[in-house]
Number of protein chains: 2
Amino acid sequence: MTNKPVKKGAPAPSLDAVLNTIQSGDCIEVMNSLPENSVDLIFADPPYNLQLKGELHRPDNSKVDAVDDHWDQFDSFAVYDRFTRDWLSAARRILKPNGAIWVIGSYHNVFRMGAELQNQGFWILNDVVWRKSNPMPNFRGKRLTNAHETLIWASKSESAKPTFNYEALKALNEGVQMRSDWVLPICTGHERLKDENGDKAHPTQKPESLLHRVLIGTTNPGDVVLDPFFGTGTTGAVAKMLGRNFIGIEREETYRKVATKRIKNVRKLDNEALEVSQSKRAQPRVPFGQLVERGMLRPGEELYSLNGRHTAKVRADGTLVGSKDNKGSIHQVGAAFEGAPSCNGWTYWAYKSEGKKVPIDNLRQQIRAEM
Amino acid sequence: MTNKPVKKGAPAPSLDAVLNTIQSGDCIEVMNSLPENSVDLIFADPPYNLQLKGELHRPDNSKVDAVDDHWDQFDSFAVYDRFTRDWLSAARRILKPNGAIWVIGSYHNVFRMGAELQNQGFWILNDVVWRKSNPMPNFRGKRLTNAHETLIWASKSESAKPTFNYEALKALNEGVQMRSDWVLPICTGHERLKDENGDKAHPTQKPESLLHRVLIGTTNPGDVVLDPFFGTGTTGAVAKMLGRNFIGIEREETYRKVATKRIKNVRKLDNEALEVSQSKRAQPRVPFGQLVERGMLRPGEELYSLNGRHTAKVRADGTLVGSKDNKGSIHQVGAAFEGAPSCNGWTYWAYKSEGKKVPIDNLRQQIRAEM
DNA sequence: GTGTGTTTTGAATCCAGTT
DNA sequence: AAACTGGATTCAAAACACA
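Conventions adopted
- Residues numbered from 1 in each chain as written.
- Chains lettered and ligands numbered in written order.
- Predicted model: local features only at pLDDT ≥ 70, side-chain atom pairs only at ≥ 80, totals over all residues.
- Heavy atoms only, no water.
- Helix = DSSP H or I, 4+ residues; strand = E, 2+ residues; numbered from the N terminus.
- Contact = heavy atoms within 4.5 Å.
- Buried < 20%, exposed > 50% of the residue type's maximum accessible area, 1.4 Å probe, protein only.
- Polar contact = N/O pair within 3.5 Å; in protein donor to acceptor, adjacent residues only side chain to side chain.
- Pairing = 2+ DSSP bridges.
- Near = heavy atom within 4 Å.
- Nonpolar A, V, L, I, M, F, W, Y, C, P; charged D, E, K, R; others polar.
- Buried area = accessible area lost by both parts, 1.4 Å probe.
- Salt bridge = Lys/Arg side-chain N within 4 Å of Asp/Glu carboxyl O.
- Core = buried A, V, L, I, M, F, W, Y, C linked by side-chain atoms within 4.5 Å.
- Arc of directions from axis to C-beta.
- UniProt positions renumbered as here; feature names shortened; annotations may be inferred.
- Phe/Tyr/Trp six-rings, centres within 6.5 Å; stacked < 30°, edge-to-face > 60°.
- pLDDT = per-residue confidence, 0-100.

All names here are of chain B. Secondary-structure assignment places Arg 315 in the loop between strand S10 (311-314) and strand S11 (320-322). Considering only alpha carbons, one finds Arg 315 and Pro 46, 269 residues apart in sequence, at a separation of 62 Å. In this view, Arg 315 contacts Val 292, Pro 299, Leu 320, Val 321 and Lys 327; residues no more than four positions away in its chain are not counted.

Here is the structure:
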């Protein structure tokens, strides 16, 4: 097929010709060549427009492999906004009236995408937070760990009736309603595709678990899912596995090659195999600081060791000052008092309530019960 | 005070007059009456119900005057964008060059706020997800549970140096770096303010735990924190408790009343509880040469890298000569040995005392203890 | 194979003070 | 103003190495 925009009046090519293929070329041109109102879902992971300055090293002096690819370079917000407007309106044209779109991004670009979605008349259904269980830390200690990315799920219009498999998502979530925050690990290990040198084939490969949840929740088997920034084809691989049809668009030949091979090796699951690997539910960690933030303990309040020998005062940042001016976490101060190498502060300290000592662990239990 | 915009050339009123008060009136007018570059932090939770009535003007500057005033979706976004632009630029003017701003919103408005922040030259530092531990479920089962809201933390410019209490936040999070996703319960129970009928006093009262984390992390005691959409004064209550100064602006008298009473009952914590964990960066610098001058290390003495691979000799001027005849500071020689771009010599080198390797950092600690 | 310790790595707008 | 330099800074998971 050609990548030329459709001429006015020319019959749009049938969708069947491009079903379950990867089209080469610019995604706007390719989308413009497809028939309007023909696609059930669009999943788009466009360049984020990161603006990285110098190099970044980890504390052990190793260099961080940055996303410095040419396709992520834009001269200004104006240029990026035009790009966003153009590909979104091309996507909008080919979407069925009851179709939906997902976009994913970070704070660098997601606000601009969200605003443009709204400007074009898309109707936002949810924003979804992908909370990474193993994000890259902030090595210089100058910011918060950038531990999430944002997805936006939107229908073509306010009155549309997009597919939403409520019960399937509820089942995925151990029987309770699926929330707008999804805890999933980043793509590593065997799932992460490598090139012939053993380097990562694509700098920003998304985990299949993310696409799995998107496709299970917002498409049906047989639906057509289009990904205009196909990369190494995670969308296509998961779509094939789940019995959905995909259309990929990708400019870079190297990515297309990797994706083609990858998808060829995917086998469609039998229906019974659609059971999902659930993220293990470990006992969630509760930082002591949360008791302070939540007002369960007040800064300045006295804590008492359960053995009755020591006291310490709570500070606003969740650390303690012991009566010997020893500062640190509940564990550190406890250990210092006991001259022990370590100490479980949760079982060491108590607060006073109506004159009685109550272990602070009770407060932790309370928080866990809410989670 | 009056709410008129400041006339050109008129002296801006001193900030002291409004410190720890709640100003009535339109937040844009009040902010315009304050001196520029005077506020350390702005926390803003703007309305986004698109029924802003008197607060809003159409793009052609005609006033939107009634609840049932009909405007189409495009109009309403344009109106909201203008409102956002106006209050953000008023906020920008009064912010100190190294000040910062937090805004909070949901998918209805946060993308527009984020884009406008960037357009005005604010520099996004993080977006933060407030993950609600007890959100309202989606009753109709047509969407995901809307279980989070988004905050954006931004400095006034790319080159600004905003306050960030890295160690304090790390302490709040049980010793690991604070992430961009914050799990906190919504505001309920005793904390939720009620009116005389027992109904909630404000529809979107934010939890104090959220403000606690914001203020501990990005302000210092004595800073000035302004909240242009004060509501029932959560920002003021937490600011007072944590020894920060606040300026509230609120147009609704009922909210001002509730907030005034609420804040009056708050007691400032004593200074000891307000002290938070300090970064090493805050500690005084000790030149390595001082160890030599003070005779803690002798010129000619051998140093050993803690990894056991390299040695170097101390020279009288506090530089080293490595075994490869590489000369320079403790950092430079360490970096040369490791072929690394940089090296912290304090943690790289050790001297021998009674046959045992002792990190030279111990000697620095000793000096700092005397200071 | 099994268990244990070490190394590697991930969409990152990641320094501050002095000369 | 630009260049230099001291020195502060990381978490989880998987791969890998080795006993």
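Next comes the rest of the description.
All names here are of chain B. With respect to the helices and strands, the residue Asp 45 is situated in the loop between strand S2 (39-44) and helix H2 (73-94). Using a relative accessible area of 15% as the deciding quantity, one classes Asp 45 as buried. Looking at Asp 45, its side chain comes within polar contact range of the side chain of Lys 206, at 3.0 Å. When sequence neighbours within four positions are dropped, the list of residues in contact with Asp 45 reads Ile 104, Thr 204, Lys 206 and Phe 229.

Moving on, we get to the sheet that holds strand S10 (residues 311-314) of chain A. The sheet built from six strands is open, its strands ordered S12-S11-S10-S9-S13-S14 (chain A) with antiparallel pairing. The open sheet has two edge strands, strand S12 (327-328) and strand S14 (356-359) of chain A, and neither has a second partner.

To continue, consider the side chain of Ser 180 of chain B. Relative to the helices and strands, Ser 180 of chain B resides in the loop between helix H4 (166-172) and strand S6 (181-184). Look past the residues within four positions of Ser 180 of chain B in its chain and what remains in contact with it is Leu 144, Thr 145, Asn 146, Ala 147 and His 148 of chain A together with Asp 127, Val 128 and Val 129 of chain B.

As a further point, take the protein's contact with DNA strand D. Residue and element names in this part refer to chain B. Close to DNA strand D lie 29 residues; Tyr 166, Lys 170, Gln 177, Ser 329 and His 331 are nearest. Gln 177 places a polar main-chain atom, nitrogen or oxygen, 2.6 Å from a phosphate oxygen of DNA strand D. Here a phosphate oxygen of DNA strand D and a side-chain polar atom of Arg 364 are 2.8 Å apart. Elements represented by at least two residues in the surface near DNA strand D include exactly H4 and helix H10 (330-338). A class-by-class count of the residues in the surface near DNA strand D yields nine nonpolar, 13 polar and seven charged.

With 73 residues of chain B at the interface, the matching set in chain A holds 76 residues. Taken together, the two surfaces of chain B and chain A that pack against each other cover about 6,500 Å², and 50% of this comes from carbon and sulfur. Its largest share of buried area at the contact with chain A, chain B owes to Phe 111, Leu 144 and Glu 174 of chain B, together 13% of the area lost on that side. Lys 313 of chain A is paired through a salt bridge with Glu 272 of chain B; the nearest N and O atoms lie 3.6 Å apart. Here chain B and chain A share 43 residue pairs in polar contact (both at pLDDT 80 or more) between them. Classifying every residue of the side of chain B that touches chain A gives 37 nonpolar, 20 polar and 16 charged.

The subject of this paragraph is the nonpolar core. Counting residues in each nonpolar core, the largest one holds 68 residues, and the members touching the most others are Trp 87 and Ile 101 of chain A together with Trp 87 and Ile 101 of chain B. With residues up to four places along the chain from it excluded, the contact list for Ile 101 of chain B reads Ile 42, Trp 87, Leu 88, Ala 91, Leu 95, Leu 117, Phe 122, Ile 152, Trp 153 and Ala 154 of chain B. Leu 169, Met 178, Ala 237 and Leu 274 of chain B belong to the second largest nonpolar core, which has 40 residues in total.

Turning our attention to H10 of chain B. Residues and elements named next belong to chain B. Buried within H10 we find Ile 330, Val 333, Gly 334, Ala 335 and Phe 337. Summarising the contacts, the buried residues of H10 are in contact with S10, S11, strand S12 (327-328), helix H11 (345-348) and strand S13 (349-353). Positioned one or two residues after H10, Gly 339 has a phi angle of 60 degrees, which is positive.

Residues and elements named next belong to chain A. As paired strands, strand S9 (residues 302-305) and strand S13 (residues 349-353) are joined by two bridges and run antiparallel to one another. Within S13, the position partnered with Ser 305 by the bridge is Trp 349. Here S13 pairs with S14 via four bridges, running antiparallel. Each residue of the ladder has a partner; that of Ala 350, found in S14, is Pro 359. Where S13 folds back on S14, the antiparallel hairpin that results is connected by two residues, among which Glu 354 adopts a positive phi of roughly 50 degrees.

All names here are of chain B. Within the span of helix H12 (residues 361-370), buried status applies to Asp 361, Leu 363, Arg 364, Ile 367 and Arg 368. Buried residues in H12, looked at end-on, bunch into an arc of 155 degrees, giving them a common side. Among the exposed residues of H12, those pointing more than 90 degrees away from its buried face are Ala 369 and Glu 370. Where the residues of H12 are buried, they touch helix H9 (289-293), H11, S13 and strand S14 (356-359).

Moving on to unusual backbone geometry. Even without glycine at this site, Asn 49 of chain A takes up a positive phi of about 60 degrees. What makes Asn 49 of chain A buried here is its relative accessible area of 2%. A positive phi is found at Glu 174 of chain B, a non-glycine position, where the angle reads about 60 degrees. Tracing the backbone through its elements, the reader meets Glu 174 of chain B in the loop between H4 and S6. For Glu 174 of chain B, a relative accessible area of 24% corresponds to the partly exposed category.

In this section: the UniProt feature "domain: DNA methylase N-4/N-6" (unreviewed entry) in chain A. Feature annotation in UniProt places "domain: DNA methylase N-4/N-6" (unreviewed entry) on residues 39-260 of chain A, given in this structure's numbering. As annotated, residues 39-260 of chain A has a helix share of 28% and a strand share of 22%, and its two end C-alpha atoms lie 21 Å apart.

Scanning the entire structure with this criterion turns up 25 aromatic pairs over all chains. Geometrically, the ring pair formed by Trp 102 of chain B and Trp 153 of chain B is stacked, given 5.7 Å between the ring centres and 10 degrees between the ring planes. Of this pair, Trp 102 of chain B sits in strand S3 (residues 95-105) while Trp 153 of chain B sits in strand S5 (residues 148-155); the two residues are 51 residues apart in sequence, bridging distant segments of the chain. Taking the relative accessible area as the measure of exposure, Trp 153 of chain B reaches 1% and is therefore buried. Feature note: the residues Phe 74, Tyr 80, Phe 83, Trp 87 and Phe 229 of chain A constitute an aromatic cluster, connected by ring pairs.

This next bit is on the confidence of the model for chain A. All names here are of chain A. Here chain A averages 92 in pLDDT, and 93% of its residues register 70 or above. Residue range residues 1-7 is modelled with pLDDT below 50. Its contacts to residues more than four positions away, or to other chains, number 14 contacts. Low pLDDT, under 50, characterises residues 275-282; the stretch is placed with five contacts to residues that sit more than four places away or in other chains.

Moving on, we come to the pattern of salt bridges. According to the stated counting rule, one finds 26 salt bridges over all chains in the structure shown. In this structure, the salt-bridge partner of Asp 181 of chain A is Arg 179 of chain A, at a minimum N-O distance of 2.8 Å. For the pair shown, Asp 181 of chain A and Arg 179 of chain A are each scored as buried. One continuous salt-bridge network, built from bridges that share partners, spans Arg 131, Arg 179 and Asp 181 of chain A together with Arg 131, Arg 179 and Asp 181 of chain B.

Let's shift gears to the sheet that holds S12 of chain B. All names here are of chain B. Read across the open sheet, the six strands follow the order S12-S11-S10-S9-S13-S14; overall the sheet is antiparallel. Whereas interior strands pair on both sides, the edge strands pair on one side only; in this sheet they are S12 and S14. Sheet topology places S10 next to S11; three bridges connect them, and they run antiparallel. Across the sheet, the residue bridging to Lys 313 is Val 321, located in S11.

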